[in-house]
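Each chain is listed here by its residues.
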Amino acid sequence: MATRIAVCDDEARCRDILGEYCRNYFEEKCLEYELIDYISGDELWAELKEAEKDRDSPECLCDILLLDIEMQGMSGIILKDLLQANRQEIRILFVTSHPEAMPEAFGRQVFGFLKKPLEYDKFQKKMDTVMADIRDCEKYVMLENTFGVQKILLNQLQYIQAFKKYTNLFLEGELPPIISERSLRAWRELLAEEWFYPCHKSYLVNFRQVKGVRKDEILLEGGCCIPLSRRMQKEWKEQYRKYLWEKAR
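**Considerations on the overall build of the chain**
Assigned secondary structure in the chain consists of seven helices and 15 strands. Its C-alpha atoms give the chain a radius of gyration of 20 Å, within 12% of the compact-globule value 18 Å for 249 residues. The dimensions of the chain, computed from C-alpha atoms along their principal axes, are 60 × 40 × 35 Å. Considering the chain as a whole, with its 249 residues, one finds that 47% of them fall into the buried category. The contacts of the chain with a sequence gap of at least 6 include a subset with a gap of at least 24, amounting to 56%. Of the roughly 13,900 Å² of accessible surface on the chain, 49% is carried by carbon and sulfur atoms.

**Regarding the environment of Arg-182**
As for its placement among the helices and strands, Arg-182 is situated in the loop between β10 (178-180) and α6 (184-190). Distance from Arg-182 to Leu-66, taken between C-alpha atoms, is 41 Å for residues 116 residues apart in sequence. Those residues in contact with Arg-182 that sit more than four places away from it in its chain are Tyr-166, Thr-167, Trp-187 and Leu-190.

**With respect to the sheet that holds strand β4 (residues 91-96)**
Spatially, five strands are ordered β2-β1-β3-β4-β5 in an open sheet, and the strand pairing comes out parallel. Strands with a single pairing partner mark the edges of an open sheet, and in this sheet they are β2 (33-38) and β5 (110-115). Pairs of neighbouring strands in the sheet enclose a mean axial angle of 20°, with direction left out of account. Where strand β3 (residues 64-68) lies against β4, five bridges are found, and the strand directions are parallel. Residue pairing across strands places Leu-65 opposite Ile-92, the latter belonging to β4. Helix α1 (residues 12-28) rests against β1 (3-8), β2, β3 and β4 of the sheet, and its axis sits at about 175° to β2. Packed on one face of the sheet, helix α3 (residues 76-85) meets β1, β3, β4 and β5 and runs near 150° to β3.

**A closer look at α3**
Within α3 the residues assigned to the buried category are Gly-76, Ile-77, Leu-79, Lys-80 and Leu-83. Seen along its axis, α3 keeps its buried residues to an arc of 160°; they face one direction. Looking one or two residues past α3, Arg-87 carries a phi angle of roughly 60°, positive in sign.

**Side note on the environment of Trp-45**
Mapped onto the secondary structure, Trp-45 falls in helix α2 (residues 41-52). Relative accessible area serves as the criterion here: at 17%, Trp-45 is assigned to the buried category. Taking the C-alpha atoms as reference points, Trp-45 and Leu-79, separated by 34 residues in sequence, lie 7.4 Å from one another.

**Describing a negative patch on the surface**
Together, Asp-16, Glu-20, Asp-37, Glu-43 and Glu-47 line one region of the surface with negative charge. Put simply, the parts of the chain that give the negative patch at least two residues each are α1 and α2. Residue position: Asp-16 is located in helix α1.

Cut-offs used in this document
- Residues numbered from 1 in each chain as written.
- Predicted model: local features only at pLDDT ≥ 70, side-chain atom pairs only at ≥ 80, totals over all residues.
- Heavy atoms only, no water.
- Helix = DSSP H or I, 4+ residues; strand = E, 2+ residues; numbered from the N terminus.
- Rg over C-alpha atoms; globule rule 2.2 N^0.38 Å.
- Buried < 20%, exposed > 50% of the residue type's maximum accessible area, 1.4 Å probe, protein only.
- Contact = heavy atoms within 4.5 Å.
- Areas by Shrake-Rupley, 256 points an atom, 1.4 Å probe, with all protein chains shown as cover.
- Pairing = 2+ DSSP bridges.
- Axes fitted to C-alpha atoms, helices over the stretch in contact; angles between N-to-C directions.
- Arc of directions from axis to C-beta.
- Patch = residues over 30% accessible without salt bridge, like charges linked within 9 Å, V, L, I, M, F, W, Y side chains within 5 Å.
- Salt bridge = Lys/Arg side-chain N within 4 Å of Asp/Glu carboxyl O.
- Lys, Arg positive; Asp, Glu negative; His and termini not counted.
- Charge placed at Lys NZ, Arg CZ, Asp CG, Glu CD.

This is the structure in structure tokens:
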């Protein structure tokens, strides 16, 4: 399946350069791709809302969005917030002439920043990170229980909760949970390299699904919260920072 890339920038010259970089990158790696340009955040958002009229649920316009921060009309930061509120799982690389705006631009699907004037070697490194995440989202585990065998995508698995000698698996947007005969310890060992980490003696959480952290709880995508043990707070937050750094580097 072709990777869909959108370039959103109000400068024609910048759109041309990013388009050329995308063509070079994907052709060098012999990967299929589709490329589309938007001259403003308003144009992209209007197209998304128009497309939604013909669908029951939102569908991503693209896999990767190269997004200018400072544009006429809607800024890149506002567009990013709207896309995330609309549950658009788009991987964003910000393009900016204003490094001071970067702190405002961080978010779950933000994979870093490209500073103008653009350089291909830096673009290439950032795109490698984004493409690695796309491959990562295809990872899954097979779960066998009394109901049969089920394929579970790891990026949709929000958290695992210990329940007596079993565990409950909670998937984003789905209820009730899936019951597994595997213990929480066994899940932790199985997912040790997949950015799942304990936040409580009875919970294992997927860093990909974390939306925010409060004093004693973790806010996940979709609005649910799970406890963050006081004893585990320091170590958990340190590991979560490592995850964010790894994703954005």
